[in-house]
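# Observations on chain architecture
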Amino acid sequence: MVSGVLLQVVLAGLAQGAVLGLVALGFSLVAGAARILPFAHGDIAVGAVFLAVLTTVGRTPTAARLGLWPAIALVLLSVAAGVLLSGLVAAAVVLANLDGGRRPSALGWIAGGLAAGLLLRAALGIFLPQQAYALPDPLRIDALTPGGLLRLPGGSTVAVRAVCVLALGLAVGLLVDAALARSRFGLSLRAVADDPVGAALCGVSARRVVFGAFLVAGLLAGLAGVLTAPGRALAVEDGAVLGLHAAAAAVLGGVGSLRGALAGGLAVGTVQALAGYAFGSGFYDLAPLVLLVAVLAVRPPARALSLARTSSAARAPSTAVR
């Protein structure tokens, strides 16, 4: 019985870790291009799904089952809102500081990112004043099996949602990693991350590449919001916590490494679930923050980014950026 419960806890942690991995992928993409952690990214993930819910369901969302077209609209609007919000943050905070391949101002970006997250939370709080909301599941994952449970050999059961979220999160993350490793945009992203001045001399626009990184990060944030929102009470303020947990995953996996972000997300989610199971629910959100502080003490972001770049360069195709 204990082993069955432990399996459920670990699987739930891995599923949450896959969601964190998608958000951490966005962190790594932006940090790889701008060398600054995007502090508003967790708020973008939560804000995107809430904007989609406001548009399709209204100001009193429930966990009621949606029809086919509203469900499709909710998914598409969440992704679109993530791209839009991330693009707005990039345009307002980062791109204005990019000129001729220069890096954005670290102090200005930190302040701007924090302000953007606070602004988004305050704006959503006007329309969604309750402490938390139960949101609908547009993917209808729980309906795939009776009671939303998947029976395993030996009589154990696990939530089918955890299995599906884990599979979807890993599939999307690995697909993005493969696409960036082989695409012209991925080559440009690595060129700007390694040497923005040299990339500019080769005709690669740092502004376009950084903006593209923000848009891809926003898309991943929107997908993460769709996967994490159903099945739990979600609050507007949860974006800040989600962002810190994803930052822990990105730093643990090596800032700038996409596969490392996914692996870091799985590790953080598992530690989070086990800490909550062993020590109580109060440690569920605390464990990733402790892990973040510990990793930053051992490996600061600048060093992690340097190590991640060395790893990426070792496996990158030897194709010149034109």
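Model, not experiment: these values are computed from the prediction. (Residues numbered from 1 in each chain as written. Predicted model: local features only at pLDDT ≥ 70, side-chain atom pairs only at ≥ 80, totals over all residues. Heavy atoms only, no water.)

### Some remarks on the overall build of the chain
How we decide: Note on conventions: DSSP H or I runs of at least 4 residues are helices, E runs of at least 2 residues are strands, and numbering of each starts at the N terminus. For each residue, the accessible area found with a 1.4 Å probe, counting protein chains only, is set against the maximum for its type, and the residue is called buried under 20%, exposed over 50%, and partly exposed in between. Any two residues having at least one pair of non-hydrogen atoms within 4.5 Å are treated as being in contact. Here, Shrake-Rupley sampling with a 1.4 Å probe gives the accessible areas, and only protein chains in the shown set may cover a residue.
When helices and strands are counted, the chain shows 12 helices and four strands. Put simply, the chain has 322 residues, and 49% of those count as buried. Sequence-distant contacts, at least 24 apart, represent 79% of the contacts inside the chain between residues at least 6 apart. Accessible surface, the chain: about 14,500 Å² in total, of which carbon and sulfur atoms supply 69%.

### Details of the packing of helix α9 (residues 238-253) against helix α10 (residues 258-279)
For clarity, the threshold we go by: Only C-alpha atoms enter the line fits that serve as axes; for helices the fit covers just the stretch in contact. Angles between N-to-C directions range over 0 to 180 degrees. Roughly parallel means an angle under 35 degrees; roughly antiparallel means over 145; roughly perpendicular covers 65 to 115; every other angle is labelled oblique. Crossing handedness is defined as follows: a turn of the near helix away from the far one that is anticlockwise and smaller than a right angle gives a left-handed crossing, while the clockwise case is right-handed.
Two elements in contact, α9 and α10, have axes separated by 7 Å at closest approach and are oriented at 125°. In terms of orientation, α9 lies oblique with respect to α10. For the pair α9 and α10, the crossing hand works out as right-handed. Here α9 contributes His-245, Ala-248, Ala-249, Leu-252 and Gly-253 to the contact with α10, which in turn contributes Gly-260, Ala-261, Gly-264, Gly-265, Ala-267, Val-268 and Gln-272.

### Description of the packing of helix α5 (residues 160-182) against helix α8 (residues 206-228)
The test is simple: In the scheme used here, Gly and all other residues not listed as nonpolar or charged are polar, with Ala, Val, Leu, Ile, Met, Phe, Trp, Tyr, Cys and Pro taken as nonpolar and Asp, Glu, Lys and Arg as charged.
Relative to each other, α5 and α8 sit at 175°, their axes nearing to 11 Å. Accordingly, the angle class assigned to the pair α5 and α8 is roughly antiparallel. Within the contact between the two elements, α5 uses Arg-161, Val-165, Leu-168, Gly-169, Val-172 and Val-176 and α8 uses Leu-220, Leu-223 and Leu-227. Split into classes, the residues belonging to the contact of α5 with α8 amount to seven nonpolar, one polar and one charged.

### Side note on the nonpolar core
Note the cut-off: Definition of nonpolar core: a set of buried residues of the types Ala, Val, Leu, Ile, Met, Phe, Trp, Tyr and Cys, connected through side-chain atoms within 4.5 Å.
Core analysis: the biggest nonpolar cluster contains 81 residues, and Phe-50, Leu-135 and Phe-214 have the highest contact counts within it. For this core, the leading source of residues is helix α1 (residues 2-34), giving 14 residues. Setting aside residues up to four positions removed in sequence, Phe-214 forms contacts with Val-30, Ser-86, Val-89, Ala-90, Val-94 and Trp-109.

### Thoughts on the pattern of salt bridges
The cut-off we apply is this: Put simply, a salt bridge is a Lys or Arg side-chain nitrogen that is within 4 Å of an Asp or Glu carboxyl oxygen.
Enumeration according to the criterion identifies four salt bridges in this entry. Residues Arg-161 and Asp-142 are paired through a salt bridge, measuring 3.3 Å at the closest nitrogen-oxygen approach. Within this pair, whereas Arg-161 is found in helix α5, its partner Asp-142 is found in the loop between β1 (133-134) and β2 (149-151), the two being separated by 19 residues in sequence. A residue is classified by how much of its surface remains accessible, and Asp-142, at 38% relative accessible area, is partly exposed. Linked by salt bridges that have partners in common, Asp-137, Asp-142 and Arg-161 make up one network.

### Describing the packing of aromatic side chains
What counts here: Aromatic contacts are taken between Phe, Tyr and Trp rings whose centres are within 6.5 Å, Trp giving its six-membered ring; a plane angle under 30 degrees counts as stacked, one over 60 as edge-to-face, and the others as tilted.
Counted by the stated rule, this structure contains two aromatic pairs. When the centroid spacing of 6.2 Å and the interplanar angle of 75° are considered together, the rings of Phe-50 and Tyr-133 count as edge-to-face. Taken together, the residues span a long stretch of sequence, with Phe-50 in helix α2 (residues 41-56) and Tyr-133 in strand β1 at a distance of 83 residues. Taking the centre distance of 5.5 Å and the plane angle of 50° together, the rings of Phe-279 and Phe-283 count as tilted. Of the residues examined, Phe-283 reaches a relative accessible area of 39% and is grouped as partly exposed.

### Focus on α2
Definition in use: Here, expected helix span is obtained from the residue count minus one, scaled by 1.5 Å.
Here α2 contains 16 residues, and its C-alpha end-to-end distance of 23 Å stays within 8% of the 22 Å for a straight helix at 1.5 Å per residue. Across the 16 residues that make up α2, a large majority, 12, are buried. Downstream of α2 by one or two residues, Gly-58 has phi in the positive range, about 115°.

### Let's talk about the environment of Leu-11
Mapping Leu-11 onto the fold places it in helix α1. Taking C-alpha positions, Leu-11 is 9.4 Å from Gly-269, a pair spaced 258 residues apart along the chain. For Leu-11, the contacting residues outside a window of four places in its chain are Val-158, Ala-162, Val-163 and Leu-166.

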